[in-house]
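Take a look at the letters that make up each chain.
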Amino acid sequence: MKIWYGIVVGFFFLFSAAVFGQNPPRVTYSEPEKDDTRRTNFEIVGKISANYLIYKNNKTDNALCIYDENMLLKKRVPMDFLPEKVTNVDYITYPDRVLVFYQYQKRRVVYCDAVAINGDAKVIGGPVTLDTTEINYASTNKMYTVVHSDDKQKIMLFKVNSANPRLFIISTYLLNNQLNLLSRSRSEVQMEEKNEFFTDFQLSNDGDLVVAKYARTGSNSEYIAKVDMMIKYPDSLGFSIRKLQMGKQVLDNLLLKVDNTNKRVILTSFYAKQKRGNIEGIYIVDWDKQKNEKLVDTALVFTDELRILAKGDDGNKKTALNDFFMKGIYTRRDGGFVVISEALYTSSRYNNFNRWDYWNYGSPWMSPMSYSYWSPVYSPWMMPWNRYGYNNTVSRYFADNVLVLSFDKDANLTWSNVISKSQYDDESDNLISYGTMNTGGEVHFLFNIFERRTFVLTDQSMDASGKVTRYPTFKNLDKGYEFMPRFGKQVAARQMIVPCLYRNFLCFAKIDF
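Residues numbered from 1 in each chain as written. Predicted model: local features only at pLDDT ≥ 70, side-chain atom pairs only at ≥ 80, totals over all residues. Heavy atoms only, no water.

Re the sheet that holds strand 7 (residues 98-106)
For clarity, the cut-off: Paired strands are those between which DSSP finds at least two bridges. Secondary structure follows DSSP: runs of H or I at least 4 residues long count as helices, runs of E at least 2 residues long count as strands, and numbering of each begins at the N terminus. Orientation is described by axes fitted as lines to C-alpha atoms, over the contacting stretch for helices, and by angles from 0 to 180 degrees between their N-to-C directions.
Here we have four strands laid out as an open sheet, ordered 6-7-8-9, and antiparallel in their pairing. In the strand order of this sheet, the two ends are held by strand 6 (86-93) and strand 9 (123-134), each with one partner. Averaged over neighbouring strand pairs, the angle between their axes works out to 20 degrees when direction is ignored. The sheet contact formed by strand 8 (residues 109-117) and strand 9 spans eight bridges and is antiparallel. By the bridge assignment, Asp113 is partnered in strand 9 with Thr129.

Regarding the side chain of Asn322
As a reminder of what qualifies: Polar contacts, as used here, are pairs of N or O atoms within 3.5 Å; protein pairs need one atom able to donate a hydrogen and one able to accept it. Residues neighboring in sequence count only if both atoms are side-chain atoms.
With respect to the secondary-structure elements, Asn322 resides in the loop between helix 1 (304-311) and strand 24 (324-331). Of the polar contacts made by the side chain of Asn322, one reaches the side chain of Asn278; its length is 2.8 Å. Polar contacts involving the side chain of Asn322 include one to the main-chain amide nitrogen of Ile279, which spans 2.9 Å.

Some points on unusual backbone geometry
This is how the line gets drawn: For every residue, the accessible area (1.4 Å probe, protein chains only) is compared with the maximum for its type, and the residue is labelled buried under 20%, exposed over 50%, or partly exposed between those bounds.
Residue Pro127 follows Gly126 across a cis peptide bond; omega there is 5 degrees. Locating Pro127 in the fold gives a position in strand 9. One non-glycine residue, Arg107, lies in the positive phi region at around 55 degrees. Along the chain, Arg107 turns up in the loop between strand 7 and strand 8. Under the relative-accessibility criterion, Arg107 is labelled exposed at 80%. One non-glycine residue, Asn504, adopts positive backbone phi at about 70 degrees.

What about the confidence of the model for the protein chain?
Our working rule: Each residue carries a pLDDT value, the predictor's own confidence for that position, ranging from 0 to 100. Contacts were defined at the residue level, with two residues in contact if any of their heavy atoms lie within 4.5 Å.
In the predicted model, the protein chain carries a mean pLDDT of 85, and the fraction of residues at 70 or more is 85%. Scored below 50 in pLDDT, residues 1-21 shows 72 contacts in the model against residues more than four places distant or in partner chains. Every residue in residues 359-391 is under pLDDT 50, and counting partners more than four places away or in other chains gives 104 contacts.

Description of the pattern of salt bridges
Put simply, the rule is: Basic side-chain nitrogens of Lys or Arg form a salt bridge, by our definition, when they fall within 4 Å of a carboxyl oxygen of Asp or Glu.
Per the counting criterion, the structure on display carries 31 salt bridges. Between Arg264 and Asp286 there is a salt bridge whose closest N-O contact spans 2.9 Å. Separated by 22 residues along the polypeptide, Arg264 in strand 21 (residues 264-272) and Asp286 in strand 22 (residues 279-288) bring together distant segments of the chain. Here the two residues Arg264 and Asp286 agree in accessibility, since each one is buried. Note that Arg396 is salt-bridged to Asp426, the shortest N-O span being 2.6 Å. Here the residue Arg396 occupies a position in strand 27 (residues 396-407), and Asp426 occupies one in strand 29 (residues 423-426), the gap between them amounting to 30 residues. You can call Asp426 partly exposed: its relative accessible area is 37%. Each of the salt bridges in this network shares a partner with another, and the network as a whole consists of Arg26, Lys47, Glu69, Lys510 and Asp512.

Description of the state of the cysteines
The condition that has to hold: Cysteine sulfur atoms that pair up within 2.5 Å are treated as a disulfide.
The tally for this structure, following the rule as stated, stands at zero disulfides. With no disulfide of its own, Cys507 has Cys500 as its nearest cysteine by sulfur position, at a separation of 4.8 Å.

Some points on helix 1
What counts, and what does not: Taken from the helix axis, the directions to the C-beta atoms give the arc we talk about.
All of the buried residues along helix 1 are Leu306, Arg307 and Ala310. On an axial view of helix 1, the arc spanned by its buried residues comes to 100 degrees, and they lie on one face. Against strand 22, strand 24, strand 27 and strand 28 (413-419) lie the buried residues of helix 1.

Topic: the sheet that holds strand 2 (residues 41-48)
Taken in spatial order, the four strands make up an open sheet running 2-3-4-5, and their pairing is antiparallel. Of all the strands in the sheet, just strand 2 and strand 5 (73-78) have a single pairing partner and so form its edges. The mean inter-strand angle of the sheet, taken between neighbouring strand axes irrespective of direction, is 20 degrees.

Details of the packing of aromatic side chains
The test is simple: Pairing of aromatic rings covers Phe, Tyr and Trp, the last through its six-membered ring, and needs centres within 6.5 Å; plane angles under 30 degrees mean stacked, over 60 mean edge-to-face, and all others mean tilted. Counting as a charge over the ring demands two things of the Lys NZ or Arg CZ atom: a distance within 6 Å of the ring centre and an angle within 35 degrees of the ring normal.
In the structure shown here, the tally under the stated rule is 18 aromatic pairs. Relative to Tyr91, the ring of Tyr55 lies with its centre 5.6 Å away and its plane at 50 degrees, an arrangement referred to as tilted. Taken as a pair, Tyr55 in strand 3 (residues 51-58) and Tyr91 in strand 6 lie far apart in primary sequence, 36 residues in all. For Tyr91, a relative accessible area of 13% gives the class buried. A ring pair is formed by Tyr434 and Phe445, whose centres lie 5.5 Å apart and whose planes are at 50 degrees; its orientation type is tilted. Taken together, the positions of Tyr434 in strand 30 (residues 434-438) and Phe445 in strand 31 (residues 442-451) put the pair eleven residues apart, joining distant regions of the chain. Both residues of the pair, Tyr434 and Phe445, count as buried. Through pairs of rings, three or more aromatic residues link up here, namely Tyr29, Tyr481, Phe483 and Tyr502. For the cation-ring pair, Arg97 lies above Tyr94, with the distance from its terminal atom to the ring centre recorded as 4.3 Å.

In structure tokens form, the structure reads like this:
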């Protein structure tokens, strides 16, 4: 469910290892099951020993499907420990087990329970109730959120009570990987502005819960007026909140990343010089996590060369970055980091939407971990088919070039490059955008291109120096399979599982590099 966290934590720990040679990747398909349609909810859980586990949900039927190396279904194990009506399921996968967190309601009480299962989907620990909340209504939305540290040694369970729009109460439960409680707290966070929001919550390896709170302003709440950095340390009773003095830049979509190696937080955003203006560059903040103070910030102006690189020679240089949205920050051990963004926009027979309109009408490309609303009656989480929301006026989705920017430890731009693509689809965004696969010496971007009235899977890679390699389009793919690479998941050093549609039935393809 946490698509962007799950891509690759060490995206550019790429200093050695050769590319995968001349042999093309090998694709192995699972057989479609009659009950698994495009309406089936799913989660690629991961690989344990020689088993590949995939969670599937059809209405009240919840099961873990176990596949072998040839993607043959070994068995479908009903998740009998789940109640009939479950509001949310999360997974944390380890080499020898999977922790399953699930939420459900009985009468007036919402429960968050957890079990441990092995590679055969058998329960080996639990279930154990982690927390309960009493409410006076029936809810079908999630109340608890589960995040974990990069090393998966610490887990945070938290809930946000937003009954009072001016005062949010955040209850946190810090656990170890054996689900033993390390600490708990109840924090009050003042919400001074009507349009205040949170970035993604992240948990550091030290057990610090990190998030940025920001306020949107303007006629359509289209730009960010102020930002507060919030850190909840394991031994503190509440959040330590510090204001970020960000100058005159007009920011739009904030992205946050904890750098565990260097004990810091990186915060980035594209910025404009004026309200509803063109994107001028990127704003970067280096924040000391332990002292909870800003070390340095910088505003990098994009050059004409970078604008042409991002959009192409035939584009308007002034508006070249207006359609780009940040997708992820990936840190390096030396303190450097990489920022990835993608050109994303929509159109309809009635209107064309730009980045400023998204904040008023709702963006179909919002982060799966969007905390725009924290209310028990609203859930920002959705399963893959509607993961980014749905806008009835949208008729065509576009996903174009991917811009990769590499910075050193002092936030100086060292190189930039583009994964070139041009994609669109009508009424659905399932088949466009990209997925990534880290093979050690390079990161592969997998995406569909449109050839002869059908989508064909293709591969471009980028190494640590920014060099792009364009591999031939995947050949000898079985006809009739439509890949959804942005919902794929890397499950081993050179293996990735990608969901597919075959005659409107859901199936999965294992790709061996």
